[in-house]
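The primary structure of each chain is shown beneath.
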Amino acid sequence: MNATFAIAGATFGEAVRKRILMVILLVALLIILISPAFEPFAAGRGARTLIISFGFGVIQLAGTFIAIIMCTGMIPTEIERRTIYTILSKPVQRYQFVLGKFFGAVGTLGFMYLMMGIVFMIASRMALGELEPKIVRGLIMFFFQSSLLAAVVLFFSTFVSPLVNYFLSGGVFLLGNLLSSFLETIQRNPEVTPITRIPVQLLTVILPNFANFNVQNPIINPEQVLTDEFAYLVQTLAYAVVYIALLLVASMLIFNQREM
Amino acid sequence: MSDLAIKTVNLTKRYSGLWSKQPVDAVKNLNLEVHRGEIFGFLGPNGAGKTTTIKVLLGIIYPTEGEAYVLGKPAGDPKNHYRISYLPENPYFYDFMTGREILTFYAKLFGIPEPQRSKRVNELLDRVGLSRAADQPLRTYSKGMQQRIGLAQCLINDPELLILDEPTAGLDPIAHIDIRDMILDLRDQGKTLFISSHQLSDVERVCDRVAILNKGVMVQLGRIEELLAGGHVEVIADKVPDNAVEPIRQLGGKVSLHDGRLIVEQPDNGSVDRVIDIVRAAGGHIISVKPYRRSLEDLFVETIQGGKNA
Ligand SMILES: Nc1ncnc2c1ncn2[C@@H]1O[C@H](COP(=O)(O)OP(=O)(O)O)[C@@H](O)[C@H]1O
Ligand SMILES: [Mg+2]
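Residues numbered from 1 in each chain as written. Chains lettered and ligands numbered in written order. Predicted model: local features only at pLDDT ≥ 70, side-chain atom pairs only at ≥ 80, totals over all residues. Heavy atoms only, no water.

Trainee: For the overall build of chain B, give the residues involved together with the corresponding values.
Mentor: Helix and strand content of chain B: ten helices and 14 strands. For 310 residues, the compact-globule estimate of 2.2 N^0.38 gives 19 Å, and the C-alpha radius of gyration of chain B, at 25 Å, exceeds that figure by more than 25%. Based on the C-alpha atoms only, the size of chain B along its principal axes is roughly 80 × 50 × 45 Å. Looking at the 310 residues of chain B, the share that counts as buried comes to 48%. (Helix = DSSP H or I, 4+ residues; strand = E, 2+ residues; numbered from the N terminus. Rg over C-alpha atoms; globule rule 2.2 N^0.38 Å. Buried < 20%, exposed > 50% of the residue type's maximum accessible area, 1.4 Å probe, protein only.)

And the structure:
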């Protein structure tokens, strides 16, 4: 466990020194900070929805970019620079290396979300005059969404090059966001034959469902009414944890066979 | 307990090139036995398969055929790595960390707890002469300083076996000597060292035994003295008359005479006295008598080129 955390720590240290990630974070912070300036464009309830929705949109976008950019190179760069040789020649199991990398990525995301969350709360509090309780829940949801995405990227990085990984994980993220509502639409349409429906159904089940995490955003999901918010939160987070665990196990199995 | 630090049995590593390339046997049927306490030189030109063999020993890559054992256990068992250490070829470390941070990081990988960890790191920084640069980031380090960090990183666990891949490559002469002194130091402590190199003069002075690898195949193996047996003594003399040459020729060796200057390369030490007697009796002056040991370089070139012609 010691080794895993040492690797996670080094991964975090390296990520927060990466200029591109810091630029994304700073730009996001800046946009969130000035977002209350949009308030005059909408009145009453509308202003509230707009500010919250916009802030979440920026945070989710930043989290997505950070997760993908940070994780595509995580393992390939270690191999290319050969820093992994000295690590694996120490008493470190390969699964510990993968786990350390993932924890480092999640730690970095946690740090980024904390920064963005604090600024978001301050900015929206100033604009709305009160703290919107949805914000904390939303931040948690999007943080787990980004963590799940990080696990997807890390999984692909054990066997494809960073460039291919951008497209693969970008594609999985998009599909994972859209498929469930697409499936709903075609299920309502009686003209769609099972030959079309079943593959979509299959993909929806297999690919990670990223849409689950978006419910806190009132603009993306206006008609969503949750009867039991807390149960939904727990259920969605549990889904993320299980899916991440499966991805990590698969990554470890592939990485174990890998030659460097 | 096995007295072998390293053993390979018919070890073959094949890189199955991509569709366009032929598969390459980077290492072919290698049978290697390195004894505990020995300094073993693993030599060969670039591309001979040295690094490939070392990576197999560390479990970074897996054998295609055959077996590899380190300290009596199958190669690559991480539990075994408490007792060994590795300095890669042209090592590279996280350069955003300082010297102290990187050594602390490796110490954590061994699970060394505080306060021993800080103590150990300070000792090592001192030992490799980096105490003053300890808190600078590695990206400001010179190549020689990086190599010292590499060595310090190797010593954290006080290993029984050190595997050093081209430890002196690309270093300036001073850094060269430093590294050599450290190797000798480690030998005195009874460590086993497995050192790969294509620079032979370094290895010649420190190794007990060497193997020479060429195109993945072991072409020489033995103690340095045995492999280098058979040098010659060079005798140079002046004012030697032509008629003295014939009796010297009869003793064997290479003989040349130009304008009274005689140069003899005599492989047999016993005949050197006779050469000198003949020169003096003929009225010549001995200028120098110099023994030439065969160098590892000679052997290397002979072996590798011999292999090419065959
Ligand atoms: N990952 C790899 N894929 C394909 N071929 C490789 C790989 N690594 C090394 N080789 C080939 O294997 C041979 C031995 O390389 P190497 O072990 O690095 O030699 P050395 O360390 O003695 O210079 C070379 O022909 C090299 O091109
Ligand atoms: Mg090499």
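Still more to cover.
Trainee: Any chance you could break down the pattern of salt bridges for me, citing the residues and the numbers?
Mentor: Throughout the structure, instances matching the rule amount to 22 salt bridges over all chains. Among the ionic pairs, Arg81(A) bridges to Glu78(A), the shortest N-O distance being 3.9 Å. Take Arg81(A) and Glu78(A): they sit in the same class, and that class is buried. In this structure, the salt-bridge partner of Glu166(B) is Lys50(B), at a minimum N-O distance of 3.7 Å. Placement of Glu166(B) in the loop between β7 (161-165) and α5 (173-188) and of Lys50(B) in helix α1 (residues 50-58) is noted, with a sequence separation of 116 residues between them. Ionic contacts of the salt-bridge type, sharing partners, join the residues Glu14(A), Glu78(A), Arg81(A) and Lys101(A) into one network. (Salt bridge = Lys/Arg side-chain N within 4 Å of Asp/Glu carboxyl O.)

Trainee: Describe the site of ligand 1, with residues and values.
Mentor: Residue and element names in this part refer to chain B. Residues in contact with ligand 1, as listed here, are Tyr15, Ala26, Pro45, Asn46, Gly47, Ala48, Gly49, Lys50, Thr51 and Thr52. In this structure, Gly49 approaches ligand 1 through a main-chain N or O atom, which is 2.9 Å from an oxygen atom. One of the side-chain N or O atoms of Thr52 is found 2.5 Å from an oxygen atom in ligand 1. When ligand 1 is considered free in solution it has 570 Å² of accessible area, and contact with the protein chains removes 62% of it. Looking at the shell around ligand 1 element by element, the count peaks at three residues for α1. For the shell around ligand 1, the per-class residue count stands at four nonpolar, five polar and one charged. (Near = heavy atom within 4 Å. Polar contact = N/O pair within 3.5 Å; in protein donor to acceptor, adjacent residues only side chain to side chain. Areas by Shrake-Rupley, 256 points an atom, 1.4 Å probe, with all protein chains shown as cover. Nonpolar A, V, L, I, M, F, W, Y, C, P; charged D, E, K, R; others polar.)

Trainee: How would you sum up α5(B)? Please name residues and give values.
Mentor: Residue and element names in this part refer to chain B. The end-to-end C-alpha distance of α5, which contains 16 residues, comes to 23 Å, matching closely the 22 Å that a straight helix rising 1.5 Å per residue would cover. What α5 keeps buried is the set Ala175, His176, Ile179, Met182, Ile183 and Leu186. Buried positions in α5, seen along its axis, are confined to an arc of 130° and lie on one side of it. Opposite its buried face, α5 presents the exposed residues Pro173, Ile174 and Asp188, each directed more than 90 degrees away. Looking at the packing, one finds that the buried side of α5 touches β3 (39-43), α3 (116-127), α4 (143-155), β7, β8 (192-197) and α6 (200-206). Gly190, located one to two residues past α5, shows a positive phi value of around 85°. (Expected span 1.5 Å × (residues − 1). Arc of directions from axis to C-beta. Contact = heavy atoms within 4.5 Å.)

Trainee: Could you give an account of the coordination of the magnesium ion (ligand 2), with specific residues and numbers?
Mentor: All names here are of chain B. Here the magnesium ion (ligand 2) is held by Thr51 (OG1) and Glu89 (OE), and the distances to it run 2.0 to 2.6 Å. Placement of the pair is Thr51 in helix α1 and Glu89 in the loop between β6 (84-87) and α2 (99-109), with a sequence separation of 38 residues. You can call Thr51 partly exposed: its relative accessible area is 22%. With a relative accessible area of 27%, Glu89 lands in the partly exposed category. (Donors = N, O, S within 2.8 Å, 3.2 Å for Na, K, Ca; no water.)

Trainee: Please set out the sheet that holds strand β11 (residues 232-238) of chain B residue by residue, giving values where relevant.
Mentor: All names here are of chain B. The sheet built from four strands is open, its strands ordered β12-β13-β11-β14 with antiparallel pairing. Pairing within the sheet leaves two strands with one partner each, and these edge strands are β12 (254-258) and β14 (285-292). Strand-to-strand twist across the sheet, computed as the mean angle between neighbouring axes with direction ignored, equals 10°. Two strands pair when backbone bridges link them, and β12 and strand β13 (residues 261-266) are joined in this way by five bridges, in the antiparallel orientation. Residue pairing for β13: Ser256 is matched across the bridge by Ile263. Sheet strands touched by helix α9 (residues 272-281): β11, β13 and β14. Its angle to β14, the strand with the most contacts, is close to 165°. (Pairing = 2+ DSSP bridges. Axes fitted to C-alpha atoms, helices over the stretch in contact; angles between N-to-C directions.)

Trainee: Now, about the sheet that holds strand β4 (residues 65-70) of chain B: what can you tell me, with residues and values included?
Mentor: Residues and elements named next belong to chain B. Judged by pairing direction, the sheet is antiparallel, and its four strands sit side by side in the order β2-β1-β4-β5 without closing on themselves. The open sheet terminates on both sides in strands that have one partner only, identified here as β2 (24-35) and β5 (73-74). In the sheet, β4 pairs with β5 via two bridges, with the strands oriented antiparallel. The residue of β5 that forms the bridge with Val70 is Lys73.

Trainee: I'd like a description of the interface of chain B and chain A, backed by residues and values.
Mentor: If you look at the interface, chain B gives 26 residues, while chain A gives 28 residues. Summed over both partners, the interface of chain B with chain A comes to about 2600 Å²; 61% of that surface belongs to carbon and sulfur atoms. By the criterion of area lost to chain A, the three top residues of chain B are Tyr94(B), Phe96(B) and Leu109(B), representing 26% of everything that side buries. The salt bridge involving Glu259(A) is made with Lys13(B); its shortest N-O contact spans 2.6 Å. At the boundary of chain B and chain A, one finds 16 residue pairs in polar contact (both at pLDDT 80 or more). Secondary-structure elements contributing two or more residues to the side of chain B that touches chain A are α1 and α2 of chain B. At four residues, α2(B) tops the list of elements feeding residues into the side of chain B that touches chain A. Counted by class, the side of chain B that touches chain A contains 17 nonpolar, five polar and four charged residues. (Buried area = accessible area lost by both parts, 1.4 Å probe.)

Trainee: With reference to specific residues and values, describe the nonpolar core.
Mentor: Residue and element names in this part refer to chain B. With 160 residues, the main nonpolar core has Ile102, Phe105 and Phe194 as its most contacted residues. In contact with Ile102, other than residues within four places in its own chain, are Phe93, Tyr94, Met97, Leu138 and Ile149. Ala237, Ala244, Leu262 and Val272 belong to the second largest nonpolar core, which has 15 residues in total. (Core = buried A, V, L, I, M, F, W, Y, C linked by side-chain atoms within 4.5 Å.)

Trainee: Just give me the short version of empty space enclosed by the protein, but keep the residues and values in it.
Mentor: If a probe as big as a water molecule is rolled over the atoms, it shows which places are left empty. All names here are of chain B. Within the structure shown, the criterion is met by one cavity of 30 Å³ or more. Its volume calculated, the largest cavity comes out at about 60 Å³. Along the walls of the largest cavity sit Pro167, Thr168, Arg180, Ile183, Ile195, Ser197, Asp202, Val203 and Val206, which together make up its complete lining. The set of elements that each furnish at least two residues to the lining of the largest cavity consists of α5, β8 and α6. Counting residues per element, the lining of the largest cavity draws most heavily on α6, which supplies three residues. (1 Å grid on protein atoms, 1.4 Å probe; cavity = no way out; pocket = protein on both sides within 12 Å on 5 of 7 lines; lining within 4 Å. Points joined across faces, edges and corners; volume = space filled by probe spheres on them.)

Trainee: How would you explain a nonpolar patch on the surface if you had to name every residue and give the values?
Mentor: Among the surface-exposed residues, Leu114(A), Ile118(A), Ile122(A) and Met126(A) lie close enough to one another that they form a single nonpolar patch of about 420 Å² accessible area. Relative to the helices and strands, Ile118(A) is located in helix α6 (residues 94-128). (Patch = residues over 30% accessible without salt bridge, like charges linked within 9 Å, V, L, I, M, F, W, Y side chains within 5 Å.)

Trainee: Tell me what's going on with the packing of α6(A) against helix α7 (residues 134-157) of chain A, and back it up with residues and numbers.
Mentor: Residues and elements named next belong to chain A. At a minimum axis distance of 10 Å, the contact between α6 and α7 shows a crossing angle of 150°. Taken together, α6 and α7 sit at an angle that is classed as roughly antiparallel. The way α6 lies across α7 gives a crossing that is right-handed. Facing α6, whose interface residues are Val98, Lys101, Phe102, Val106, Leu109, Gly110, Tyr113, Gly117, Phe120, Met121 and Ser124, α7 presents Ile135, Val136, Leu139, Phe142, Phe143, Ser146, Ser147, Ala150, Ala151 and Leu154. When the residues that make up the contact of α6 with α7 are grouped by side-chain class, the tally is 15 nonpolar, five polar and one charged. (Parallel < 35°, antiparallel > 145°, perpendicular 65-115°, else oblique. Left-handed = near helix turned anticlockwise from the far one by under 90°.)

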